[in-house]
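# Breakdown of the fold
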Amino acid sequence: MNTAHSGLVKAVIPAAGLGTRFLPATKATPKEMLPVVDKPAIQYVVEEALAAGLTDVLMITGRNKYALEEHFDRNCELEDTLRRKGDYERLSRIEQSADPATLHYVRQGDPRGLGHAVLCAQPHVGDEPFVVLLGDDLIDPRDPLLTRMAEVRQEFGGSVVALMEVDPDQVHLYGCASVRPTADEDVVRITDLVEKPAPGEAPSNHVVIGRYVLDPAVFEVLRTTEPGRGGEIQLTDALRRLAEDETIGGPVHGVVFKGRRYDTGDRGDYLRTIVRLACEREDLGPDFRAWLRQLVAEGS
Ligand code: UTP
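Residues numbered from 1 in each chain as written. Predicted model: local features only at pLDDT ≥ 70, side-chain atom pairs only at ≥ 80, totals over all residues. Heavy atoms only, no water.

### Observations regarding the overall build of the chain
Along the backbone of the chain there are twelve helices and 13 strands. In terms of C-alpha radius of gyration, the chain reaches 20 Å, essentially the compact-globule figure of 19 Å for 300 residues. The C-alpha extent of the chain, read off along each of the three principal axes, is 60 × 50 × 40 Å. Counting across all 300 residues of the chain, residues that qualify as buried make up 48%. (Helix = DSSP H or I, 4+ residues; strand = E, 2+ residues; numbered from the N terminus. Rg over C-alpha atoms; globule rule 2.2 N^0.38 Å. Buried < 20%, exposed > 50% of the residue type's maximum accessible area, 1.4 Å probe, protein only.)

Below, the structure is given as structure tokens:
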């Protein structure tokens, strides 16, 4: 099952942020290109969009955009070399990338915030609902979140954001939602949103994670959204206006995700992600797990 019957066709992947938490690695390389075991983070995200049945992927890029574009382009010289050597296993690893024809790129110019990055997608997306996947946020393919979000959009219209419940001391790192329950256990109605609330001011422990199904009305709201937290044009602020007044673009609902999510934009989470995924790999896992057990036993 995927999003194929929901009218959703286009995915937008913002990947133009500065990635300052990862400096100096991200000085000349987008953080979305950092490897998670042996694939760049962005490839997992593109594969998730395609697996959900989305057939048109627009990447919002910034400085150093060439690494992203080239990663998803064919490298005929490398393919020929591997073929000549008869190294079909490695050849298959580079042939499994997305069909370059489904990928499109637009440049953000100045990284003026996630809301501004999404606004850059308007000429390509036009007047249809679309999906946003953050390029540094990975959702485990065994937990198909986008499919559920597409169903919720079909049922209620408007926009749908992915939420997770986190410990109260983590809420200040995210956009946070005021929510009302619905008849569906995993779906809530969002009544308000605040970006990175100060400790003690969070309306709940439901935080926004990097998947959105957006009504195109969000573009007009973003156009008039003033810079907010951190001097950036925040997607959360535009969603707040949609949630406050459903005559603009329908209601805003949240799908409360209980599956596996990996944040590769944060150094600690990035390391945990790599260790977890490497342990689960059939090819690398057995040796790696044995080494890890020994490392832990040594008490380092
Ligand atoms: P983050 O806030 O995590 O990204 O944005 P950042 O600003 O690059 O990271 P730090 O905090 O400096 O380390 C979430 C997503 O939105 C994109 C980022 O690339 C990331 O995928 N983004 C953010 C843009 O595309 N443009 C922006 O102006 C800001």
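### With respect to the packing of helix α3 (residues 76–84) against helix α4 (residues 88–95)
Working note: a packed helix pair is described by the angle between its axes plus the distance between those axes. Put simply, α3 and α4 touch, their axes get as near as 8 Å, and they point 155 degrees apart. Classified by the interaxial angle, the pair formed by α3 and α4 is roughly antiparallel. By crossing handedness, the relation of α3 to α4 is classed as left-handed. Across from Leu78, Glu79, Leu82 and Arg83 in α3, the residues of α4 making contact are Tyr88, Arg90, Leu91, Ile94 and Glu95. Of the residues that constitute the contact of α3 with α4, the class distribution is five nonpolar, no polar and four charged. (Axes fitted to C-alpha atoms, helices over the stretch in contact; angles between N-to-C directions. Parallel < 35°, antiparallel > 145°, perpendicular 65-115°, else oblique. Left-handed = near helix turned anticlockwise from the far one by under 90°. Contact = heavy atoms within 4.5 Å. Nonpolar A, V, L, I, M, F, W, Y, C, P; charged D, E, K, R; others polar.)

### What to know about the side chain of Gln234
Structurally, Gln234 is set in the loop between α8 (217–223) and α9 (235–244). Looking at Gln234, the relative accessible area reads 9%, which means it is buried. A polar atom in the side chain of Gln234 sits 2.8 Å from the backbone oxygen of Arg229. Gln234 has contacts with Gly115, Glu195, Leu222, Thr225 and Arg229, leaving out every residue within four places of it along the chain. (Polar contact = N/O pair within 3.5 Å; in protein donor to acceptor, adjacent residues only side chain to side chain.)

### Observations concerning the pattern of salt bridges
Applying the stated rule across the entire model yields 25 salt bridges. Of the charged contacts, one joins Glu165 and Lys258 as a salt bridge, the two residues approaching to 3.5 Å between their closest N and O atoms. Placement of Glu165 in strand β8 (residues 159–165) and of Lys258 in the loop between β12 (252–256) and β13 (261–263) is noted, with a sequence separation of 93 residues between them. Overall, the relative accessible area of 68% leaves Lys258 in the exposed class. One salt bridge in this structure joins Asp192 and Arg240, with 2.8 Å as the shortest N-O distance. Placement of the pair is Asp192 in strand β10 (residues 187–195) and Arg240 in helix α9, with a sequence separation of 48 residues. A relative accessible area of 24% places Asp192 in the partly exposed class. Take Arg240: its relative accessible area is 31%, and that puts it in the partly exposed class. Put simply, Arg74, Glu79, Asp80 and Arg83 are held in one network by salt bridges that share partners. (Salt bridge = Lys/Arg side-chain N within 4 Å of Asp/Glu carboxyl O.)

### Observations concerning the environment of Leu8
As for its position among the elements, Leu8 is in the segment before β1 (10–15). The class for Leu8 is buried, based on a relative accessible area of 3%. As a C-alpha pair, Leu8 and Phe130 span 122 residues in sequence and 5.9 Å in three-dimensional space.

### What about α9?
Here α9 has its buried residues at Leu235, Thr236, Ala238, Leu239, Leu242 and Ala243. Buried positions in α9, seen along its axis, are confined to an arc of 160 degrees and lie on one side of it. (Arc of directions from axis to C-beta.)

### Here we look at the site of the ligand
Taken together, the neighbourhood of the ligand is formed by 19 residues, with Gly19, Thr20, Glu32, Gln108 and Gly113 sitting nearest. A distance of 3.1 Å is found between an oxygen atom of the ligand and a backbone nitrogen or oxygen belonging to Pro14. For the ligand, whose unbound accessible area comes to 570 Å², protein coverage reaches 86%. For the shell around the ligand, the secondary structure elements donating two or more residues are β1 and α5 (114–119). Residues of the shell around the ligand, tallied by class, amount to eight nonpolar, six polar and five charged. (Near = heavy atom within 4 Å. Areas by Shrake-Rupley, 256 points an atom, 1.4 Å probe, with all protein chains shown as cover.)

### What to know about the packing of aromatic side chains
For the structure on display, the rule yields three aromatic pairs. Ring centres 5.0 Å apart and planes at 0 degrees place the aromatic pair Phe130 and Phe219 in the stacked group. Here Phe130 is found in strand β6 (residues 130–133), whereas its partner Phe219 is found in helix α8, with 89 residues between them in sequence. Judged by relative accessible area, which is 1%, Phe219 ranks as buried. Cation over ring: Lys39 sits above Tyr44, and NZ or CZ is 4.5 Å from the ring centre. (Phe/Tyr/Trp six-rings, centres within 6.5 Å; stacked < 30°, edge-to-face > 60°. Lys NZ or Arg CZ within 6 Å of the ring centre and 35° of its normal.)

Structural measurements only, silent on function.
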